[in-house]
Amino acid sequence: MLVRLATPFVILLASFWYRSGRVAKNNILNVPNLPDGYYQDGDWKQHCKLVSDEEAHTINYCEDMTFWDHFNENGQLADRYVLLGCDPNRKAWNTVMGPLRDPAPRGYLWLYSTTEGGKPRRITLQDYPESHDFHPLGLEISPSRGGNQSNLFVVNHGRERTTIEQFALDPVQPYQAKWTRTLSSPYFISPNALALTSPTSFYVSNDHLMTRRLPNPIGHILPIIESVAGLPLGWLSHVSLDADGTLHHEFSAFGVPFANGVALSPDGTQLALSSTSLAEIYFYTRNTTTNALKHIHTVPMPMLSDNIMYDDAGILIVTGHPHFPSLIAVAANKTDARAPSWAVSVSPLSPDTKFAPSFANRMYDMRAPLPASTFAPATLSHEVETLFQSNGSAFSSSCTSLRDSEKGILYMVGLYEEGLLVCRP
């Protein structure tokens, strides 16, 4: 009788360890032995600088950022900004990790010119409804070409529901975002990240089916179970808009545990999707006409992958959290808590390369103090290399990185960190 009762539990435990044992061991049960700081292109103390809002401290808890590129009439890059979505109130209102205590204080959008340098400037939200909350998560903006306006889409985790806000930004007045409309859908259960396919269409990830918005106590319990157990309940959708704002929604990929960051390659033919719970990146080929996706590769990460972004050279930059309990401790304001940071590049290997039988079992990323190969097995499709890592001393809770591949500059923000980290080689 006891054996019969224990059998289902043993099967569930074995299934969990088969799928999530690597993550549980490396990123939950043990604290990674990371250095104070490491930057691939030089001493981090000399090459990395924190850009912050020293007066109001509102470049704080920035979850996502993206490049806003301005191209001239000849198609040449004339200016490049870093656009940041920040929410200093995240420890009081976080619909992904909790708590849901106070949704009133709004978050902010910031703009940092990579050509001018200097201090970032806060973006004014023109015509934004006073009754609307503003808690930015994922965001994406279309480039400006020949002086045209750009469409900006921002995932907004409001008090009642999560929406996607659309704004227009004009290069003539870059620090003013004119609100266009609020996008809502019954399929926006827990939208997280965006990747534009045109100025009026995008992929959007949905990280959880069971969210913190559920009534207590299940709202405290089920989302954690979904995350830690790696339940395949997340998905990816494609959304397109008509001129009048009519929304068209199509499901693109199902069964992704904690579907988080999403990125489209520069040529638009490949999409990458981050599964945070399993610490993996899924690669898909994309039909540029129908937006249909076909899975081609899965690449394991050494950390719980968060947001991702392709650089100009088509190399994927992945940023994430090496130790989940430390991140939870920081979110809960535990004394002296700090959350480690890790960012890597994921470069495709040539399909024509002839691999030795032992290639998939090799050590790699050996320049880093803690090589990625310590936590993630090698693959035949991609090479993973550490760009930045820290035990939380140099920079904490990294969630998004951008790399300007021409200048070699790395930009990083942290989920519970203040400021924009800028590392120049």
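One can find the structure itself at the top, above this paragraph.
Procedures and definitions
Numbers given to residues run from 1 along each chain, matching the order in which its sequence is written. Confidence filtering applies because this is a predicted model: local features only for residues at pLDDT of at least 70, side-chain atom pairs given and counted only at 80 or more, and all residues used for totals across whole chains, interfaces and linings. Calculation of side-chain values draws on the structure's entire complement of heavy atoms; hydrogens and water are dropped beforehand. Here the rule is simple: two strands pair whenever DSSP picks up at least two bridges between them. Each helix is a run of H or I in the DSSP string that is no shorter than four residues. Each strand is a run of E no shorter than two, and both are numbered from the N terminus. Relative accessible area decides the class of each residue, using a 1.4 Å probe on protein chains only: under 20% of the type maximum gives buried, over 50% gives exposed, and in between gives partly exposed. What the arc covers is the set of directions going from the helix axis to the C-beta atoms. Any two residues having at least one pair of non-hydrogen atoms within 4.5 Å are treated as being in contact. Just to be clear on terms, a salt bridge is a Lys or Arg side-chain nitrogen sitting within 4 Å of an Asp or Glu carboxyl oxygen. All axes here are fitted lines through C-alpha atoms, helices being fitted over the stretch that makes contact, and every angle between N-to-C directions spans 0 to 180 degrees. Here, nonpolar core refers to any group of buried Ala, Val, Leu, Ile, Met, Phe, Trp, Tyr and Cys residues whose side-chain atoms link them within 4.5 Å. For patches, a residue must show more than 30% relative accessible area and have no salt bridge; joins then use 9 Å for like charges and 5 Å for nonpolar side chains, namely Val, Leu, Ile, Met, Phe, Trp and Tyr. For accessible areas, the Shrake-Rupley method is used with a probe of radius 1.4 Å. Any residue's cover is judged against the shown protein chains and nothing else.

A.B. asks: Quick question: what am I supposed to make of the sheet that holds strand β9 (residues 144-145) here?
C.D. replies: Each strand in a sheet pairs with its neighbour through backbone hydrogen bonds, running either in the same direction (parallel) or in the opposite one (antiparallel). Judged by pairing direction, the sheet is mixed, and its five strands sit side by side in the order β6-β5-β4-β3-β9 without closing on themselves. Pairing within the sheet leaves two strands with one partner each, and these edge strands are β6 (121-122) and β9. The pairing of strand β5 (residues 108-113) with β6 spans two bridges and is antiparallel. Note that in β6 the partner of W110 across the bridge is R122.

A.B. asks: Sorry, what's going on with helix α4 (residues 324-331) here?
C.D. replies: Residues spaced three or four apart along an α-helix face the same direction, because each turn holds 3.6 residues. Along α4, the positions that sit buried rather than exposed are S326, L327, V330 and A331. Looking down the long axis of α4, one finds its buried residues gathered within 140° of arc, a one-sided arrangement. On its buried face, α4 is in contact with β22 (316-321). One or two positions beyond α4, positive phi appears at N333, with a value near 60°.

A.B. asks: Sorry, what's going on with the pairing of strand β21 (residues 304-310) here?
C.D. replies: Successive residues of a regular strand alternate their side chains across the two faces of the sheet. Of all seven residues making up β21, seven are buried, and the element is well covered by its neighbours. Relative to β22, β21 runs antiparallel, the two being bridged by five bridges. Within β22, the residue paired with I308 across the bridge is V318. Linkage of β21 to β22, two consecutive antiparallel strands, is achieved through a turn of five residues, within which G314 is found at a positive phi near 85°.

A.B. asks: Explanation requested: helix α3 (residues 218-228) in the structure shown.
C.D. replies: Turning to α3, its buried residues number three or more, namely G219, P223, E226 and S227. Viewed end-on, α3 has its buried residues packed into an arc of 100°, placing them on one side of the element. Following α3 by one or two positions, G230 adopts a phi angle in the positive range, close to 65°.

A.B. asks: Even after reading the chapter, I still don't get the pattern of salt bridges, so can you show me in this structure?
C.D. replies: A pair can form between side chains of opposite charge whenever their charged atoms are brought close. Inspection of every chain in the model, using the stated rule, returns eight salt bridges. Put simply, R80 and D404 hold a salt bridge, and the shortest N to O gap is 3.4 Å. Taken together, the positions of R80 in strand β4 (residues 77-86) and D404 in strand β25 (residues 398-404) put the pair 324 residues apart, joining distant regions of the chain. For R80, a relative accessible area of 5% gives the class buried. Across the pair E385 and R367 runs a salt bridge, and its minimum N-O distance is 3.4 Å. Residue E385 is found in strand β24 (residues 382-390), and its partner R367 is found in the loop between β23 (341-348) and β24; the two are separated by 18 residues along the sequence. The partly exposed category is assigned to E385, whose relative accessible area is 29%. On the basis of relative accessible area, R367 is assigned to the exposed category, the value being 54%. Three or more residues are tied together by salt bridges with common partners; here these are D69, R80, D312 and D404.

A.B. asks: Honestly, the sheet that holds strand β10 (residues 150-157) in this entry has me stumped. Any pointers?
C.D. replies: Spatially, β7-β12-β11-β10-β8 is the arrangement adopted by the five strands of the open sheet, whose pairing is mixed. Pairing within the sheet leaves two strands with one partner each, and these edge strands are β7 (124-126) and β8 (136-141). Within the sheet, the average angular offset between the axes of one strand and its neighbour, ignoring direction, is 30°. Sheet topology places β7 next to strand β12 (residues 173-183); three bridges connect them, and they run parallel. Bridging from a neighbouring strand, L125 pairs with A177 of β12.

A.B. asks: Even after reading the chapter, I still don't get the nonpolar core, so can you show me in this structure?
C.D. replies: Generally speaking, soluble globular proteins have nonpolar side chains that are buried together. Counting residues in hydrophobic clusters, the biggest one holds 40 residues, and the most contacted among them are L84, I164, F202, Y411 and L420. Leave out the neighbours within four places in its chain, and L84 touches C62, D64, M65, Y108, L109, W110, L139, V413 and L420.

A.B. asks: Mind showing me how you'd approach a nonpolar patch on the surface here?
C.D. replies: Among the surface-exposed residues, Y187, F251 and F254 lie close enough to one another that they form a single nonpolar patch of about 330 Å² accessible area. Mapped onto the secondary structure, Y187 falls in the loop between β12 and β13 (191-198). By relative accessible area, Y187 is classed as partly exposed at 40%.

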